[in-house]
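Remarks on the overall topology
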Amino acid sequence: MIKCPNCHHKERNGTLFCSECGAEIFNVIPDGVSEVVLEFIETGKKLRLKENREYTIGRMGKTQALIPDVDLSQYGAFQKGVSRLHAIIKTYPGKCMIIDLDSANGTKINGERIAAYVDTPLKNGDTINLGSFKILLHISDQHVTEKLCPV
Amino acid sequence: MGAGLFETLGLSNNASPDEIRHAYFDAARRLHPDANPSPDAANQFMAIQKAYDVLSNTEKRIDYLISQAINEGRPPVIAQAQFSIESLQAIPEEQYIYALLEIINTEEAKAHVLPTSSVCLVIDRSTSMQDKRIDMVKKAAYELMKQLRQDDWVSIVTFSDRAEQVIPPTRVKKSMLSDPRIASIQTGGGTEILRGLECGLDVLTQTSNKDTNRHLILMTDGHTYGDEEECLQLAQQAGDKGIIISALGFGSEWNDTFLDRLTGLSGGTARLVTSVDELRQFIRSQVASLSKVYACNLNLHIEGSPQATLVDMFRIYPDASPLPVDIQARLGNLPFNDRIKILLEYKIAPKLNEGETITLLQGILTMEIPTRKEPLNRIEISLRRTVREDQEKSIPPRELVEAIEKLTLYRLQEKAREEEAAGDHVNATRHLKNLATRLLQKKESDNLGKMVLSEAEKIQSGKGYSPEAEKRIKYGTRALLLPMAKESKND
């Protein structure tokens, strides 16, 4: 049996995509020790992301069915122009990618607007702008000792 | 071309690109002049170079296989397959393997050998088809007249509780572009599909001719009651005669599961129609593919294997249609210089032994080729994989991965529908949300994703699917399987 890294559903050997959530499962790399941390610049809040996962980022609406994995509504996301489903961050050991989901106000990496629906690689120290919501990205090989809020 | 390039490398004719590469490097190491000074080795080294040059290139390999088929008196049609894994794992549990089977013809179409087509439109004229729907159907009928060539046959049958021939089999003429018999079709009555099918097939049998491709296009918006089994039997018989049945569904009331089965039995396809443009496009593509048929009535006879169970079979090109898992699969027509692609999913029995060879498919593909006199137009297709303990981690072929990714989405949708039908709103909602998340990640499926999301909300609040959206999602996710104007080249 193999376990889907996204939703932990068990699948038979040889399966290429998870039958529960549709995630790719044939290229799963075992968990390493590197860490991906999102720091919300204005509040200093930090969020640790697990490896080999996909996180949808956005804000929860009152009548919305799809809750983003990373919900920024409590950090003033609405005022800062974050879309409900703004972007996806995919994490791999030691690296990650961001995909803008054709958000209303766009996504910028270090001030440069990225194209929608395209996997854009991120590196340690990048600033991500979701509308005008700023996130600083930390990718490290060591464990971060600071207190982190759970996902 | 030299005899037996595959044999030169010690391979069978259906060796995969990876196996070819491995065999070549193994042989090259052994026979390289630096390592092996004998003159014999030098000659063999030259031979494997030449073999690898041809076999490692997709186009050259296909040309080689076709030329070999012609030399041996077989039709110039070849089958080749790609697999999700190079070799099966020697593990104590069950495993899955996927194969993408392609049936390829490389002959260019020549005007004088193109077959004539005979198309019969079978139109549901029940009361519910009135106004907009029947208008769309009439436009489709005129489009058909426009697309067919002068020598082609056309016929139109309408049905409600009974069926009548509106236009008996006729050679297409310019004047039919404004045929008043189409304009005067009136709606009224129920939907008895069996009546329409019987009449349509009867009409098509009248144009029976060895060089004519016969196609029935059913257009309906309703359920048929009590005659489903008889309809399926008819479809099976139509398939045996080489008549393909396609179906177009209007609105939300028609039985898509039934029409999928009905069309699948004869090698056709079922679709949801949402606009006149879509309908015209369908007619155009159907007529275009009928007009350049090389081989028709392709039928894959499948022999079972004790260790490999065929779980699912899906045609993903030229159209996306589930194929009934049975001892034979109707694959439709193979046009000149084109291909048919089938995705196969196998469940493999547990406890395989290292070195053992597992047969996934031992099949015979039969077909009718109007331009070939030989009676035996058949090719053998055998898909096998060896079991290996030490797996080399290889990346599955991209085309196969993409097809399975899309199939997974289609199945998520199927799962949600079944759950919702059984009253399990919680799981239906969850699966639709998961599906939406996937669809929203790609531009081409963004709109579909939004629709799925809004349906998930409706289901969550207990309102159920909105009419038509359920089918739009089904046929929308299915259409994702089609390679969008993408070249079907690999390597």
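Since the model is a prediction, treat every value here as computed from it, not as a measurement. (Residues numbered from 1 in each chain as written. Chains lettered and ligands numbered in written order. Predicted model: local features only at pLDDT ≥ 70, side-chain atom pairs only at ≥ 80, totals over all residues.)

Time to look at the overall build of chain A. Check the secondary structure of chain A and you find zero helices and 13 strands. N-terminal to C-terminal, the α/β element order of chain A is β-β-β-β-β-β-β-β-β-β-β-β-β. The proportion of buried residues among the 151 residues of chain A is 34%. Sequence separation of at least 24 residues holds for 41% of the intrachain contacts in chain A that already meet a minimum separation of 6. (Helix = DSSP H or I, 4+ residues; strand = E, 2+ residues; numbered from the N terminus. Buried ≥ 20, exposed ≤ 12 C-beta atoms within 10 Å, placed from the backbone. Contact = placed C-beta atoms within 7 Å.)

Here we come to the sheet that holds strand S9 (residues 270-273) of chain B. Residues and elements named next belong to chain B. Taken together, six strands build an open sheet; the order of strands is S6-S5-S4-S7-S8-S9 and the sheet is mixed. If you trace the sheet from one side to the other, it starts and ends with strand S6 (163-171) and S9, each paired once. Mean inter-strand twist for the sheet, computed between neighbouring axes without regard to direction, equals 15°. Each of strand S8 (243-250) and S9 touches helix H9 (residues 256-264); the most contacted strand, S8, lies at about 165° to it. (Pairing = 2+ DSSP bridges. Axes fitted to C-alpha atoms, helices over the stretch in contact; angles between N-to-C directions.)

Before going further, it helps to examine the interface of chain B and chain A. Contacts between the two partners involve 33 residues from chain B and, on the opposite side, 22 residues from chain A. Looking at the side of chain B that touches chain A, its residues break down into 15 nonpolar, eight polar and ten charged. (Nonpolar A, V, L, I, M, F, W, Y, C, P; charged D, E, K, R; others polar.)

The subject of this paragraph is the confidence of the model for chain A. All names here are of chain A. Summarising the model, chain A shows a mean pLDDT of 82, and 85% of its residues fall at 70 or more. For residues 29-33, every residue scores under 50 in pLDDT, and the model assigns this stretch nine contacts once sequence neighbours within four places are set aside. Predicted confidence is poor over residues 142-151, with pLDDT under 50, and the contacts of this stretch with residues over four places away or in other chains come to 14 contacts. (pLDDT = per-residue confidence, 0-100.)

Residue and element names in this part refer to chain B. With respect to the helices and strands, the residue Asn377 is situated in the loop between strand S15 (357-368) and strand S16 (378-388). Take Asn377: there are 18 C-beta atoms within 10 Å of it, and that puts it in the partly exposed class. Apart from residues no more than four positions distant in its own chain, Asn377 is found in contact with Pro75, Thr366, Met367, Glu368, Ile369 and Arg372.

Another point: unusual backbone geometry. Residue and element names in this part refer to chain B. Here the residue pair Tyr317 and Pro318 is connected by a cis peptide bond, since its omega of 5° sits within 30 degrees of zero. Mapped onto the elements, Pro318 comes out in the loop between strand S11 (308-317) and strand S12 (321-322). A positive phi angle, near 60°, is found at Lys351, a position not held by glycine. Residue position: Lys351 is located in the loop between strand S14 (339-348) and S15.

Residue and element names in this part refer to chain B. Contact geometry for helix H11 (residues 398-421) and helix H12 (residues 425-439): axes closest at 8 Å, N-to-C directions at 160°. Looking at the two axes, H11 sits roughly antiparallel to H12. Here H11 runs over H12; the crossing is left-handed. Of the residues in H12, those touching H11 at Leu409, Leu412, Gln413, Lys415, Ala416, Glu419 and Glu420 are His425, Asn427, Ala428, His431, Leu432, Asn434, Leu435, Arg438 and Leu439. (Parallel < 35°, antiparallel > 145°, perpendicular 65-115°, else oblique. Left-handed = near helix turned anticlockwise from the far one by under 90°.)

Turning to the nonpolar core, a few remarks are in order. Residues and elements named next belong to chain B. Counting residues in hydrophobic clusters, the biggest one holds 95 residues, and the most contacted among them are Leu343, Ala436 and Val452. Broken down by element, this core gets its largest block of residues, eight residues, from H11. Ignoring sequence-local partners within four residues, the contact set of Val452 consists of Leu432, Leu435, Ala436, Leu439 and Ile473. Membership of the second largest hydrophobic core comes to 51 residues, among which are Ile134, Met145, Ile156 and Cys199. (Core = buried A, V, L, I, M, F, W, Y, C linked by C-beta atoms within 7 Å.)

As a further point, take the packing of helix H2 (residues 17-31) of chain B against helix H3 (residues 39-55) of chain B. Residue and element names in this part refer to chain B. Viewed as axis vectors pointing N to C, H2 and H3 meet at an angle of 160°, and their least axial separation amounts to 10 Å. If you check the angle between H2 and H3, you find them roughly antiparallel. As for how H2 packs across H3, the hand of that crossing is left-handed. Of H3, the residues touching H2 (which contributes Ile20, Tyr24, Ala27, Ala28 and Leu31) are Ala41, Gln44, Phe45, Ile48, Tyr52 and Leu55. For the contact of H2 with H3, the class distribution of residues is ten nonpolar, one polar and no charged.

Quick look at the domain arrangement of chain A now. Partitioning chain A into structural domains gives domain 1 (1-28) and domain 2 (31-140). Relative to domain 2 of chain A, the C-alpha centre of domain 1 of chain A lies at a distance of 24 Å. (Domains from an automatic or database assignment.)

Moving on: the sheet that holds S12(B). All names here are of chain B. If you trace the five strands from one edge of the open sheet to the other, you get S1-S3-S14-S11-S12, paired in antiparallel fashion. Strands with a single pairing partner mark the edges of an open sheet, and in this sheet they are strand S1 (77-83) and S12. Strand direction decides the pairing type here: S11 and S12, joined by two bridges, are antiparallel. Following the sheet pairing, Arg315 is matched in S12 by Ser321.

Another aspect to go through is the pairing of S15(B). Residue and element names in this part refer to chain B. Across six bridges, the pairing between strand S10 (residues 293-303) and S15 is antiparallel. The residue bridging Glu303 from the neighbouring strand is Gln362, located in S15. The pairing of S15 with S16 spans nine bridges and is classified as antiparallel. Within the sheet, the bridge partner assigned to Ile358 lies in S16 and is Arg385.

Attention now goes to the domain arrangement of chain B. Residue and element names in this part refer to chain B. Entries for chain B in the domain assignment read domain 1 (1-56), domain 2 (115-291) and domain 3 (398-479). The C-alpha-based centres of domain 2 and domain 3 are spaced at 29 Å. Looking at the side of domain 2 that touches domain 3, its residues break down into one nonpolar, three polar and two charged.

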